[in-house]
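One-letter residues, chain by chain:
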Amino acid sequence: MTSAPAANVWDELTWRNLISASTDETALKQMLGAGPVTYYIGFDPTAPSLHIGHLVQILTMRRLQQAGHRPLALVGGATGLIGDPRPTAERVLNSPEVVAGWVDKLRAQIEPFLDFTGPNAATMVNNLDWTSGMSAIEFLRDMGKHFRVGKMLSKDAVSARLNSDAGISYTEFSYQILQSMDYLELNRRHGCTLQLGGSDQWGNLTAGIDLIHRVRPEQSVHAMSTPLITKADGSKFGKSEGGAIWLDPTMTSPYAFFQFWVNAEDAKIVDYLKVFTFRTAEEIAELAESAATRPQAREAQRALAREMTTLVHGELAATRVEEASKALFGGGDLSGLDEGTLGDALAELPKAQLPRGEHSVIDLLVATGLSKSKSEARRTLSDGGGYVNNAKVTGGEAATVSTSDLLHDRWILVRRGRRQLAAVELVGE
RNA sequence: GGCUGGUUGCCCGAGUGGCCAAAGGGAUCUGACUGUAAAUCAGACGGCUCAGCCUACGCAGGUUCGAACCCUGCACCAGCCA
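**A closer look at the sheet that holds strand β2 (residues 38-43)**
Stage number 1. Strand order in the open sheet made by the six strands is β1-β6-β5-β2-β3-β4, with mixed pairing throughout. The sheet terminates laterally at β1 (21-22) and β4 (123-126), the two strands that pair on one side only.
Stage number 2. Relative to strand β6 (residues 222-226), β1 runs antiparallel, the two being bridged by two bridges. Looking at the pairing, Ser22 lines up with Met224 of β6.
Stage number 3. Against the sheet, helix α3 (residues 52-66) makes contact with β2, β3 (70-75), β5 (194-198) and β6, and its axis sits at roughly 150 degrees relative to β5, the strand it touches most.
Stage number 4. Contacts from helix α12 (residues 202-215) reach β1, β5 and β6, with the element oriented near 175 degrees to β6.

**Focus on the confidence of the model for chain A**
Stage number 1. Confidence in the prediction for chain A averages 92 pLDDT; 97% of positions are at 70 or higher.
Stage number 2. Within the model, pLDDT remains below 50 along residues 1-6, and this stretch shows nine contacts once partners closer than five positions in the same chain are excluded.
Stage number 3. Both confidence scores are given for the complex: pTM 0.92, ipTM 0.87.

**A few points about the protein's contact with RNA strand B**
Stage number 1. Not every one of the 32 residues close to RNA strand B is listed here, only the nearest: Gly167, Ser375, Asp383, Gly385 and Gly417.
Stage number 2. Elements represented by at least two residues in the surface near RNA strand B include exactly α13 (254-262), α17 (315-329) and α20 (374-383).
Stage number 3. Here the surface near RNA strand B takes seven residues from α20, the largest share from any one element.
Stage number 4. Partitioning the surface near RNA strand B into residue classes produces five nonpolar, 13 polar and 14 charged.

**Thoughts on the environment of Pro85**
Stage number 1. With respect to the helices and strands, Pro85 occurs in the loop between α4 (79-82) and α5 (96-110).
Stage number 2. Sequence separation of Pro85 and Ser159 is 74 residues, and the distance between their C-alpha atoms is 10 Å.
Stage number 3. Once residues within four sequence positions are removed from consideration, Pro85 is found in contact with Ala157, Val158, Arg161, Ile168, Glu172 and Tyr175.

**Observations concerning the sheet that holds strand β11 (residues 386-388)**
Stage number 1. Sheet architecture is open: five strands sit in the order β9-β15-β14-β11-β12, paired in mixed fashion. Every interior strand has two partners, whereas the edge strands, β9 (351-355) and β12 (391-392), have only one.
Stage number 2. Bridge count between strand β14 (residues 411-416) and strand β15 (residues 420-427): six bridges; the pairing is antiparallel. Residue Arg415 lies in a different strand from β15, and its bridge partner there is Leu421.

What counts, and at which threshold
- Residues numbered from 1 in each chain as written.
- Chains lettered and ligands numbered in written order.
- Predicted model: local features only at pLDDT ≥ 70, side-chain atom pairs only at ≥ 80, totals over all residues.
- Pairing = 2+ DSSP bridges.
- Helix = DSSP H or I, 4+ residues; strand = E, 2+ residues; numbered from the N terminus.
- Contact = placed C-beta atoms within 7 Å.
- Axes fitted to C-alpha atoms, helices over the stretch in contact; angles between N-to-C directions.
- pLDDT = per-residue confidence, 0-100.
- Near = placed C-beta within 6 Å.
- Nonpolar A, V, L, I, M, F, W, Y, C, P; charged D, E, K, R; others polar.

This is the structure in structure tokens:
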């Protein structure tokens, strides 16, 4: 799972298509080859968890550290209070208490990906540390003077908003100054000379460089952005069944997380292996071969799912959900599974408990959360999309299950559509 | 502070008194075909005790037999002016 030592991590990042844009390529590559570089990536606490979109940056950070460079992981306790302008609409401000809580959660999520020991140990930083004590006057005098409004207006994030009828508040307009200050401050405090970010951050990355050039002209600093990961049709990657795929296991279960990766499109599977895994070029070539010649085996998808689940949720959870996935999608007769295997598999699914007795399939769909409302459950049944114990429900909306349908006298496996599964346990007497 | 325009279902967006649970598109869901893939085709897409009823078109009131549509006030957004 470790990558072969690359002559220069730049080449590896290039091969993995992880560089969307960067400052002077030659100079940056040379810097990365010359010795340990201190670099930073910022994550804003805009939700209680990071999602797989952030994984691109987190893993790139990890790759660079493995190549001997020194990471600074910034969780934006300050920038999270302001909000990076989104192209569509103004953000709703979150309370300082909420943001502070999210800062802690994000830090905990990022930490396992980095090594905090050794010569190139990672460091966690929070931009609240250098902004909270700053007065408005200091901000305007010491920072504001370095920013020309014309240039600020020309940033994509800002101009998109100005050209929309949503407009933009002064608060969000100022965001780029805050992020620029971060780079400047980390350059001062830690000798940070490289900032990474998603491609949508490019404007903010260059703003930081411009600020450092003005304040500390002797410094040579760089920036690099990672590409937006997309699906084959160009739409955004990382959403499933209407929601984001979160790293927090209470928000997206390890099973659902694993399933998300297993369902990766054939057309993009090799791209994803390069971007998200630590497999070597040879290993990826083998998986690509498998995907091309025996796509139905889904070996590449399984490898991807296995590695991602291990990285995010650990070896143990990965093994559990992989086994569950095999058992439930094995195509075999569920009643042929022994109680322990089935129980373990069902434990990974969304579940509901109902009293022993007869229940309508509609109620099972709603109780397990597979359907959001009874109307939706009825629709599923009339569409022919309801399954009990992997057998299509034929009774229409009136279909019911009773104790005779129980697997091992306890469980019923409910399914909506091709792959949405949940478990119901009938309890009591 | 003034003026003008705007606020419609997950998103975009039609609708200017009854034929509106509200056109159209997107997203999403389901089926067929498959391989827990994609593409394609088809259907669905507020809720419920579902041939009926309830809740909905920024919020609150009003006019009317009847309002997303008219009136009043309020909130929020944008643009212009000062």
